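Take a look at the letters that make up each chain.
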Amino acid sequence: HHHIGLNTWAGIGAPPTPENVVGLKAFSVVYPSNEELQIAITKVKALGLEIFEENGIYTVKDPSQNKIKLTIK
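A few points on the structure. (Residues numbered from 1 in each chain as written. Predicted model: local features only at pLDDT ≥ 70, side-chain atom pairs only at ≥ 80, totals over all residues. Heavy atoms only, no water.)

1. Focus on the pairing of strand β3 (residues 57-61)
By the bridge criterion, 3 bridges tie strand β2 (residues 52-54) to β3 in an arrangement that is antiparallel. Pairing of Glu-53 across the sheet is with Tyr-58, part of β3. The hairpin formed by β2 and β3 contains 2 residues between the paired strands, and Asn-55 there has a positive phi angle of roughly 55 degrees. Across 4 bridges, β3 lies against strand β4 (residues 67-72) in antiparallel orientation. Bridge assignment links Thr-59 to a residue of β4, and that residue is Lys-69. Connecting the antiparallel pair β3 and β4 is a turn made up of 5 residues, with Gln-65 showing a positive phi of about 70 degrees. (Pairing = 2+ DSSP bridges. Helix = DSSP H or I, 4+ residues; strand = E, 2+ residues; numbered from the N terminus.)

See below:
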């Protein structure tokens, strides 16, 4: 079982964590099929967010500038 710790005290609009400190930089969301992945990509694009593809891995940034990697298993 896993625990995920989140920094919620900095609040909305807080600046991104500097590159030279310890902390979350990226996480992956693994979809069970390409169809499910494409649905997620469509939703990200509908939000007007930039999404980049490299070697079948799609990357978008959350409001704190953490990278979210979308892929299939």
